[in-house]
Amino acid sequence: WLGALRFDNLALRSLPVDASEEGGPRTVPGACFARVRPSPLQNPRLVAMSLPALALLGLQAPAADPAAAEAEAALFFSGNRVPAGAEPAAHCYCGHQFGSFAGQLGDGAAMYLGEVLGPGGERWEIQLKGAGITPFSRQADGRKVLRSSIREFLCSEAMFHLGIPTTRAGTCVTSDSKVIRDIFYDGNPKNERCTVVLRIASTFIRFGSFEIFKPPDEYTGRKGPSVDRNDIRIQMLDYVISTFYPEIQEAYSDNTIQRNAAFFKEITKRTARLVAEWQCVGFCHGVLNTDNMSIVGLTIDYGPFGFMDRYDPEHVCNGSDNTGRYAYNKQPEVCKWNLGKLAEALVPELPLEISQLILEEEYDAEFEKHYSQKMRKKLGLIHLELEEDSKLVSELLETMHVTAGDFTNIFYLLSSFSVDIDPSKFEDFLEELTSQCASVEELKVAFKPQMDPRQLSMMLMLAQSNPQLFALIGAKANINKELERVEQFSKLQQLTADDLLSRNKRHWKEWLEKYRVRLQKEIESVGNGDAWNTDRVKVMNSNNPKYILRNYIAQNAIEAAENGDFSEVRNVLKLLEHPFQETEGFQEVKEDAEEEGATATAAVCAQETRSRQSYCSKPPLWAAELCVT
């Protein structure tokens with residue numbers, strides 16, 4: 001069935017490919033790609049596949065023999081066999097990582113297989129992520145493991161079905177080949193299964209692709225591998241704009257500067273809209289380096305991402321992000337900074353004074369516009385656009401913050417609030433709303449101090465005795481956060497569950513009254529309240545997901561898969577394909593799958609017991625211990 005793939009590898013015909021046959025990690029000057037070969041895996045087998053994603057490639061798994069279809073997918077999408085017409089290659093790019101220029105990076109674990117023409121003639125680049133060593137692997141082995149691959153596979157598809165621009169994932173294939181990983185960088189390595197994800201996108205070119213021309217950086221001293229090769233920069237711009245922005249190419253075919261300016265303006269606006277979408281579902285990317293920013297405005301490279309549970313504007317999903325550079329509330333500004341680095345990388349083909357002006361004029365305005373439109377839909381404000389709406393949204397988020405409310409579930413519940421709700425039903429609604437706020441026990445876990453008291457005391461003494469040295473260490477923000485945790489934790493020792501509930505109800509009553517007044521203005525503007533309410537609920541329910549890929553849901557699927565049971569990964573995938581729906585019958589699907597897997601190990605049985613929690617529940621207490629690096 002994979003014989004249906006029709007390859008037409010335009011990128012390799014349009015951009016320079018390294019002529020060297022030399023294997024292993026190396027610098028790749030004067031090229032955008034280097035040819036590679038996937039490294040075979042032992043006993044590859046399919047964890048899961050996304051039929052909607054594979055359909056983009058014109059693939060339809062034969063229903064008559066699913067076992068044979070899975071075996072074929074495992075063979076080709078593990079890299080053990082290369083499809084006819086594929087030309088495996090690794091892409092060269094650089095990047096600013098955590099704000100510093102890192103020099104040559106490139107596809108250290110991903111391999112371009114080629115570009116497949118879909119049923120309607122559309123073009124899709126397909127990649128194998130985790131298929132072995134490339135010239136860009138540096139000191140690594142070019143492999144990915146089961147846990148990270150399952151997370152990327154599920155989140156790629158979850159984001160698509162949430163309506164957020166993203167790369168797609170067609171298959172996830174694991175194996176008996178093993179690599180050693182120190183998951184938390186704490187000196188406790190373990191063997192993990194090599195796993196490969198088939199990634200699909202119009203292109204995987206990113207901001208960092210244009211940084212290969214960067215001269216030595218004034219701070220790090222590192223440089224791109226293709227300094228002074230403006231001819232390649234011109235080739236890349238011609239390829240990217242003509243292929244992915246054809247309307248811009250057509251409109252400005254006789255003026256290169258205007259064309260490049262129009263392209264930069266469009267990617268600026270796309271990026272602003274993308275981040276607004278992330279903020280509105282509580283998605284944190286985790287590693288927003290310039291090499292993880294798509295040149296066509298997609299969510300790309302799913303690593304230590306996370307969907308926010310308890311609303312916290314300073315939420316950091318990446319356990320390795322010690323300074324909180326990529327915290328939830330910093331994502332919009334960081335992406336603007338990254339666009340600034342792209343602007344620098346386009347000089348001289350786009351003068352900096354032009355691109356900087358575009359960035360200042362377009363980015364913030366586009367972000368605010370899209371964010372406000374999306375938030376109005378989430379609140380069911382579908383007819384009037386009032387200046388006061390932004391204040392209503394910020395007061396909602398502040399109420400969520402002070403009550404430690406679950407971001408996803410509170411938005412989802414608001415569609416069942418009505419202007420003329422009677423007092424008894426209002427109390428029931430308030431009870432349901434406050435049940436989505438953190439308990440005293442959950443807050444104690446969230447605000448538990450993280451530093452040894454002696455270490456904290458020592459740092460505070462240093463801040464007083466030697467402020468210059470303390471500033472040099474750069475620990476001020478972390479110390480302030482720790483002091484805040486200590487203070488909150490101390491207060492929580494005196495707080496009862498009844499006091500917390502009473503306080504939370506008071507906060508929510510205050511905000512709901514403001515919300516009721518605003519909804520009343522909507523009704524007055526349309527006249528027909530019943531028809532308006534039907535429309536409002538419909539809009540809210542198609543913009544506030546019931547199901548997201550929470551870390552604990554992913555972890556349950558990972559642990560089952562690590563014990564040989566892939567049914568939970570497949571069940572979660574089905575669930576995430578319908579994030580806005582009450583997924584009736586899903587529990588029956590799950591139970592059938594459990595019957596089929598009755599021979600699973602005792603560990604998996606224990607895991608299934610733990611995962612009985614509803615998929616739309618706020619996370620269980622044990623989830624607070626999950627750390628993704």
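A brief structural summary. These numbers were taken from a predicted model, which means no experiment stands behind them.

1. Details of the overall build of the chain
Across its full length, the chain holds 22 helices and 13 strands. Here the C-alpha atoms of the chain give a radius of gyration of 26 Å, agreeing with the 25 Å that 2.2 N^0.38 yields for 629 residues. Looking at the chain as a whole, 53% of its 629 residues are labelled buried. Residue pairs in contact within the chain that sit at least 24 positions apart in sequence constitute 74% of those at least 6 positions apart.

2. Side note on the packing of aromatic side chains
This structure, assessed with the given rule, holds 19 aromatic pairs. Between the aromatic rings of tyrosine 302 and phenylalanine 305, the centroid separation amounts to 5.8 Å while the plane-to-plane angle is 90°, which identifies the pairing as edge-to-face. Feature note: the residues Phe417, Phe426, Phe429, Trp508, Trp511 and Tyr515 constitute an aromatic cluster, connected by ring pairs. For the cation-ring pair, lysine 214 lies above phenylalanine 101, with the distance from its terminal atom to the ring centre recorded as 5.4 Å.

3. A short note on helix 20 (residues 567-576)
Summarising burial for helix 20: eight of the ten residues are buried, a large majority. Buried within helix 20 are the following residues: Ser567, Glu568, Val569, Asn571, Val572, Leu573, Leu575 and Leu576.

4. Things to note about the nonpolar core
Counting 166 residues, the largest nonpolar core has Phe77 and Tyr515 as its most contacted members. Considering every element that reaches this core, the biggest residue donor is helix 7 (residues 256-281), with twelve residues. Two domains each donate at least three residues to this core, and these are domain 1 (6-227) and domain 2 (389-544). Counting eight residues, the second-largest nonpolar core is a separate cluster that includes Ala438, Phe447, Leu495 and Leu500.

5. Brief notes about a negative patch on the surface
A surface patch of negative charge is lined by Asp420, Asp422, Asp428, Glu432 and Asp530. Along the chain, the position of aspartate 428 falls in helix 12 (residues 423-434). Exposure remark for aspartate 428: the relative accessible area of 53% places this residue in the exposed category.

6. Some thoughts on the packing of helix 7 against helix 8 (residues 331-345)
Between helix 7 and helix 8, the shortest axis-to-axis distance is 10 Å and the interhelical angle comes to 160°. Judged by the angle between their axes, helix 7 and helix 8 are roughly antiparallel. When you trace helix 7 past helix 8, the crossing you get is right-handed. Every residue of helix 8 that contacts helix 7 at Phe264, Ile267, Thr268, Thr271, Val275, Trp278 and Gln279 is listed here: Gln331, Pro332, Cys335, Leu339, Leu342 and Ala343. Looking at side-chain class alone, the contact of helix 7 with helix 8 contains nine nonpolar, four polar and no charged residues.

7. A short note on a nonpolar patch on the surface
Taken together, the side chains of Leu469, Leu472 and Ile473 make up a nonpolar region of the molecular surface, amounting to roughly 310 Å² of accessible area. Take leucine 469: it is sitting in helix 15 (residues 467-473). Under the relative-accessibility criterion, leucine 469 is labelled partly exposed at 37%.

8. Thoughts on the pattern of salt bridges
Scanning the entire structure with this criterion turns up 43 salt bridges. Notably, a salt bridge pairs aspartate 217 with lysine 214, separated by 3.5 Å at the nearest N-O pair. When the shortest N-O distance is used, the salt bridge between glutamate 360 and lysine 336 registers 3.4 Å. On the criterion of sequence distance, the pair formed by glutamate 360 in helix 9 (residues 352-379) and lysine 336 in helix 8 is long-range, its members being 24 residues apart. According to the relative accessible area criterion, lysine 336 is buried, its value standing at 9%. One connected set of salt bridges, linked through shared partners, spans Lys129, Glu152, Arg199, Arg206 and Asp301.

9. Details of the environment of alanine 477
Considering the arrangement of structural elements, one finds alanine 477 in helix 16 (residues 476-492). In this structure alanine 477 comes out as exposed when scored by relative accessible area, which is 54%. Sequence-wise, alanine 477 and glutamine 436 are 41 residues apart; in three dimensions their C-alpha atoms are separated by 30 Å.

10. Some thoughts on the pairing of strand 6 (residues 100-104)
Burial analysis of strand 6 places four of its five residues in the buried class, which makes it a mostly covered element. As defined by bridge partners, strand 5 (residues 94-97) adjoins strand 6 across three bridges and the pair is classed as antiparallel. When the bridges of strand 6 are listed, cysteine 94 appears paired with glutamine 104. The antiparallel pairing of strand 5 with strand 6 creates a hairpin that spans two residues between the two strands, and phenylalanine 98 there sits at a positive phi of about 50°.

11. Quick look at the side chain of threonine 271
Mapping threonine 271 onto the fold places it in helix 7. Ignoring anything within four residues of it in the chain, the contact list for threonine 271 reads Phe207, Met293, Cys335, Leu339 and Tyr363.

12. A closer look at unusual backbone geometry
Backbone torsion omega between valine 347 and proline 348 reads 10°, so that peptide bond is classified as cis. With respect to the secondary-structure elements, proline 348 resides in the loop between helix 8 and helix 9. The backbone of asparagine 43 shows a phi angle near 50°, a positive value even though the residue is not glycine. Secondary-structure assignment places asparagine 43 in the loop between strand 2 (33-35) and strand 3 (45-49). When its relative accessible area of 45% is taken as the criterion, asparagine 43 is described as partly exposed. Phi is positive for alanine 404, close to 55°, though the residue is something other than glycine. Mapping alanine 404 onto the fold places it in the loop between helix 10 (389-402) and helix 11 (407-413). On the accessibility criterion, alanine 404 (6% relative accessible area) is buried.

13. Some points on the pairing of strand 3
In terms of residue burial, strand 3 counts as a mostly covered element, since four of its five residues are buried. As paired elements, strand 3 and strand 10 (residues 168-181) share four bridges and run antiparallel to each other. Residue pairing across strands places leucine 46 opposite valine 173, the latter belonging to strand 10.

Criteria and cut-off values
Residues numbered from 1 in each chain as written. Predicted model: local features only at pLDDT ≥ 70, side-chain atom pairs only at ≥ 80, totals over all residues. Heavy atoms only, no water. Helix = DSSP H or I, 4+ residues; strand = E, 2+ residues; numbered from the N terminus. Rg over C-alpha atoms; globule rule 2.2 N^0.38 Å. Buried < 20%, exposed > 50% of the residue type's maximum accessible area, 1.4 Å probe, protein only. Contact = heavy atoms within 4.5 Å. Phe/Tyr/Trp six-rings, centres within 6.5 Å; stacked < 30°, edge-to-face > 60°. Lys NZ or Arg CZ within 6 Å of the ring centre and 35° of its normal. Core = buried A, V, L, I, M, F, W, Y, C linked by side-chain atoms within 4.5 Å. Domains from an automatic or database assignment. Patch = residues over 30% accessible without salt bridge, like charges linked within 9 Å, V, L, I, M, F, W, Y side chains within 5 Å. Areas by Shrake-Rupley, 256 points an atom, 1.4 Å probe, with all protein chains shown as cover. Salt bridge = Lys/Arg side-chain N within 4 Å of Asp/Glu carboxyl O. Lys, Arg positive; Asp, Glu negative; His and termini not counted. Charge placed at Lys NZ, Arg CZ, Asp CG, Glu CD. Axes fitted to C-alpha atoms, helices over the stretch in contact; angles between N-to-C directions. Parallel < 35°, antiparallel > 145°, perpendicular 65-115°, else oblique. Left-handed = near helix turned anticlockwise from the far one by under 90°. Nonpolar A, V, L, I, M, F, W, Y, C, P; charged D, E, K, R; others polar. Pairing = 2+ DSSP bridges.

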